[in-house]
Every structure is written in structure tokens, then in C-alpha cells.
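Topology and contacts: notes
Next come the chains, spelled out residue by residue.
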Amino acid sequence: MSDLVSIITPTYNCGKFIEETIKSVIDQSYDNWEMIIVDDCSTDNTKEVVEKYINNDKRIKYYLLEENSGAAVTRTKAMELASGNYIAFLDSDDLWMRDKLKNQLDFMKNNNYAFSCTAYEQIDEVGNPLNKVIKTKLKTDYNGILLSCPVGNSTVMYDVDKLGKFVVPNIRKRNDDALWLQILKKEKYIYGMPDILMKYRIRSNSISSNKIELVKYHWKLYREIENLSIIRSAFHICYWGVLKTLRIK
């Protein structure tokens, strides 16, 4: 019997996008999956959109938090509910290519990898391609994630049977990077697959679109969660800032 993949999808006010996200999962060529959607108390029509699908496909599961708690808590709750041999992450506004699960599982099993990510491309808010591909590195360790995280959240998959489950560090932004760092304390590398298997939606009102605001989340990650020194934390923030500036130019 094939391995079950638990797809972790936290959501908040994504009624405009989540239907397309769900369809990209239903269309997967690999069909032994469960999609765990945890709603962080959306105030739009997210619940109504999702209900259309959970009534028709038992693999799709919906859980509503009692109070708005942020992406880290939402993601952790979804991971707690997961029962798969593998966990894959998919944000509620991103999209997967049809062979994403199949190809990534083959990549991991054929190479005996427990932790992997893939390349991805960017789309705009309405789904138009931005003609920008984010490539992966062949392998990245803990320090590599600290320096310049080459990992797209919705491309990541890991082997639960080998690594177990994790609690996502509770910061509003950069909690995905914080999770990868937790995993890399247990598994030496995250391995990059060169195939483009995800479409990442760039939204104008997202937290990540405000680069100045992101600095405080980086500082919190380095100092309060990873307990790095002030000097090392300042170095990583400066390094990150230079990379962002070069990419913009």
C-alpha cells in the first residue's frame, strides 16, 4: 500500500484563493493523501468554499480554531491532526503542479531523503505568471537556512516516520523558517529537487511584502527562538538585507 501524505494547509481569509488550491490537490496524480485545512477564524467565505469539497471528498478535512491564533499555531494544529507517513505543506493561496506529490515522493524514496523541497515559480494575485523561478540548492543545512533560506514553504515534504512531528515556533512571520531550523537540528540536510512543482502567489497585502516589517521577525527568530548572539543575529539580518537589495536591483 502506498504511503499516506498529510497536506498541511493553514488558512485565514483566503476564500478568494483556496478553491483553486484545493483543486490543485484533488488533481494530483498521486491520490493517497489527506488535506488538513485549519481555519484561523476567517471572517470571509473560506468555510463555505471548503465545505463544498469536504462533503464530496473525505480526504479533505476542515478544522476551525476557537480563536484567532496566528499561522504558527494553526500550522501546528494541522500537524497534530495529521496521520500520514509524510507531511507536505501547502499554503491556502498557492498551487501545486499535477505530479508534485508523486515526483517528490519518488525523489525522496529513491535517494533515501527524509526532508526535501522543490523549485517553484511566482504568480501574481490573479494567477498570471511573473516569469520568475526560485531554484533550490542541492542540499542546505542549518546554517544555510540561517543565511538565506532557499526553501518555498509550499514545496516542503518530510518523512514523519523517520523524524516525528514538530511544534512550529510561535512567531507571526518567519515561522516556516523557524520550523525548518527545528527539523534541521534532527536531520542534517534539506535536499532540493530542481523540478518546478509549485506556484507561489505574490499578494500585495501579505506580511512578507513589507520588507522593513520583516526585520523584527528575523530578529525575534535569531535572538529569541534560536538564541543566537547579538552580533551573529545582526550579521544575519544585514546579510538578508543585502540579498533582498541585490534581488530587487
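The shown structure was predicted, so the numbers you read here are calculated from the model rather than taken from an experiment. (Residues numbered from 1 in each chain as written. Predicted model: local features only at pLDDT ≥ 70, side-chain atom pairs only at ≥ 80, totals over all residues. Heavy atoms only, no water.)

As a packed pair, helix α1 (residues 18-26) and helix α2 (residues 46-54) sit with axes 10 Å apart at the nearest point and diverge in direction by 25°. Regarding the angle of α1 to α2, the classification is roughly parallel. As α1 runs across α2, the sense of the crossing is right-handed. Of α2, the residues touching α1 (which contributes I18, E19, I22, K23 and I26) are T46, V49, V50, K52 and Y53. Grouping the amino acids of the contact of α1 with α2 by side-chain chemistry returns six nonpolar, one polar and three charged. (Axes fitted to C-alpha atoms, helices over the stretch in contact; angles between N-to-C directions. Helix = DSSP H or I, 4+ residues; strand = E, 2+ residues; numbered from the N terminus. Parallel < 35°, antiparallel > 145°, perpendicular 65-115°, else oblique. Left-handed = near helix turned anticlockwise from the far one by under 90°. Contact = heavy atoms within 4.5 Å. Nonpolar A, V, L, I, M, F, W, Y, C, P; charged D, E, K, R; others polar.)

With that settled, the discussion passes to the side chain of S92. Secondary-structure assignment places S92 in the loop between β4 (86-89) and β5 (95-96). Excluding residues that lie within four positions of it along the chain, S92 makes contacts with T9, P10, T11, Y12, C14, F17, I18 and T21.

Here we come to the environment of G192. Considering the arrangement of structural elements, one finds G192 in strand β10 (residues 190-201). We classify G192 as buried; its relative accessible area is 4%. On a C-alpha basis, the gap between G192 and F107 in space is 9.7 Å, while along the polypeptide they are 85 residues apart. With near-sequence residues (within four places) excluded, G192 lies in contact with F107, C117, T136, K137, L138 and K139. (Buried < 20%, exposed > 50% of the residue type's maximum accessible area, 1.4 Å probe, protein only.)

The set of residues buried in α2 consists of T46, V49, V50 and Y53. Buried residues of α2, seen end-on, are gathered within an arc of 90° and therefore sit on one face of the element. For α2, the elements touching its buried residues are β1 (5-11), α1, β2 (33-39) and β3 (60-64). (Arc of directions from axis to C-beta.)

With that out of the way, let us pick up the nonpolar core. Side chains that are nonpolar tend, in soluble globular proteins, to be buried together. Counting 35 residues, the largest nonpolar core has M79, F89 and Y158 as its most contacted members. Looking at this core, the elements with two or more residues in it are β2, α3 (71-81), β4, β6 (115-123), α5 (142-148), α6 (160-163), α7 (175-183) and α8 (211-225). Per-element accounting of this core gives the leading share, five residues, to α7. The next biggest cluster of nonpolar side chains, apart from the first, holds 32 residues, and it includes W33, V50, L90 and M198. (Core = buried A, V, L, I, M, F, W, Y, C linked by side-chain atoms within 4.5 Å.)

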